[in-house]
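# Remarks on the overall topology
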Amino acid sequence: MSTTTTTFAELPGLAGTDLGYTDYIEVDQTQIDTFADATDDHQWLHVDPVKAKDGPFGTTVAHGFLTLSLAIPFWTELLDVTDVTTKVNYGLDKVRFPAPVTVGSKIRMRATIASVTEIAGGVQLGVDQTIEIEGGTKPAVVAHGLYRFYV
């Protein structure tokens, strides 16, 4: 993994830049259970390893939104803008969950800066993000993230 370090003034020149991949992280049952508690989503597919063993994936799976939420720490691994006062996760477009993340899987994110747009007091980046499963044939998450940077 390599972090792109840049300044606010250099952001417009990053349109089209492939930021590469983050390091892999493992998704474990404790993380899934904690997310279930935080969101009150205790579906057996996520939190009951015994029942999930006989389910469609043979084990528990992470919530899609848990996997999606990891885009933020992944994003901070890939880009560091050193001279801004505020960084804002502005939202997402076109989110999909093509493949489940089974417990114990390792995932990472690849990101490409698709667009850079001036906004009042700052810049908005449109970022194509793909969260991959190690050894998988389909990604876990495909999304277009919007991130704002203010000086």
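Residues numbered from 1 in each chain as written. Predicted model: local features only at pLDDT ≥ 70, side-chain atom pairs only at ≥ 80, totals over all residues. Heavy atoms only, no water.

## Brief notes about the UniProt feature "domain: MaoC-like" (unreviewed entry) in the protein chain
Defined as follows: UniProt positions are given in the numbering used here, feature names are shortened, and annotations may be inferred rather than shown by experiment. Comment: elements are numbered from the N terminus, with helices defined as DSSP H or I runs of at least four residues and strands as E runs of at least two.
According to UniProt, the "domain: MaoC-like" (unreviewed entry) feature falls on residues 16-120. Here residues 16-120 is 31% helix and 32% strand, with 22 Å between the C-alpha atoms at its ends.

## Let's talk about the packing of aromatic side chains
Going by this rule: Paired rings are identified among Phe, Tyr and Trp, the last through its six-membered ring, by centres lying within 6.5 Å, and are further divided according to the angle between planes into stacked (under 30 degrees), edge-to-face (over 60) and tilted (the rest). Note on classification: 1.4 Å probe, protein chains only; a residue is buried when its accessible area is under 20% of the maximum for its type, exposed when over 50%, partly exposed between these limits. When the NZ atom of lysine or the CZ atom of arginine is within 6 Å of a ring's centre and also within 35 degrees of its normal, the charge is said to sit over that ring.
Enumeration according to the criterion identifies two aromatic pairs in this entry. Measuring from centroid to centroid gives 4.4 Å for W75 and Y147, while their planes differ by 15°, and the two rings are stacked. Residue W75 is located in helix α5 (residues 71-78), and its partner Y147 is located in strand β8 (residues 141-150); the two are separated by 72 residues in the primary sequence. Across the pair, exposure class does not vary: W75 and Y147 are buried alike. For R108, the ring lying beneath its charged end belongs to Y21, and the centroid distance is 3.8 Å.

## A look at the environment of T6
The cut-off we apply is this: A contact between two residues is defined here by any heavy atoms of the two lying within 4.5 Å.
With respect to the secondary-structure elements, T6 resides in strand β1 (residues 4-6). Taking the relative accessible area as the measure of exposure, T6 reaches 5% and is therefore buried. It is 33 Å that separates the C-alpha atoms of T6 and A62, two residues lying 56 residues apart in sequence. T6 has contacts with L11, L14, L79, D80, V81 and T82, leaving out every residue within four places of it along the chain.

## Digging into α5
Stated precisely, the cut-off is as follows: In this description, one arc is meant: the one made by directions from the helix axis to the C-beta atoms.
Among the residues of α5, those classed as buried are A71, F74, W75 and L78. One face of α5 carries all of its buried residues, which in axial projection span an arc of 105°.

## Quick word on the nonpolar core
Counted only if it meets this: Within this scheme, the nonpolar core is defined by two criteria: the residues are buried Ala, Val, Leu, Ile, Met, Phe, Trp, Tyr or Cys, and they are joined through side-chain atoms within 4.5 Å.
The biggest cluster of nonpolar side chains holds 34 residues, and the ones touching the most others in it are W75, L125 and F149. Mapped onto this core, the elements with two or more residues apiece are α1 (29-39), α4 (64-69), α5, β4 (79-81), β6 (106-119), β7 (122-133) and β8. It is β7 that contributes the most residues to this core, five residues altogether.

## Details of unusual backbone geometry
The backbone of D40 sits at a positive phi, close to 60°, despite the residue not being glycine. The topology assignment puts D40 in the loop between α1 and α2 (44-47). Despite not being glycine, K94 shows a phi value in the positive range, around 50°. When you line up the elements, K94 lands in strand β5 (residues 86-96). Residue K94 is classed as exposed on the basis of its relative accessible area, which comes to 68%.

## Considerations on the pattern of salt bridges
Formally: We define a salt bridge as a side-chain nitrogen of Lys or Arg found within 4 Å of a carboxyl oxygen belonging to Asp or Glu.
As enumerated under the stated definition, the model contains three salt bridges in all. Taking the shortest distance from any N to any O, the salt bridge between R110 and D18 comes out at 2.2 Å. With R110 in strand β6 and D18 in strand β2 (residues 18-21), the pair connects residues that are 92 residues apart, well separated along the chain. Classification of R110 as partly exposed rests on a relative accessible area of 31%.

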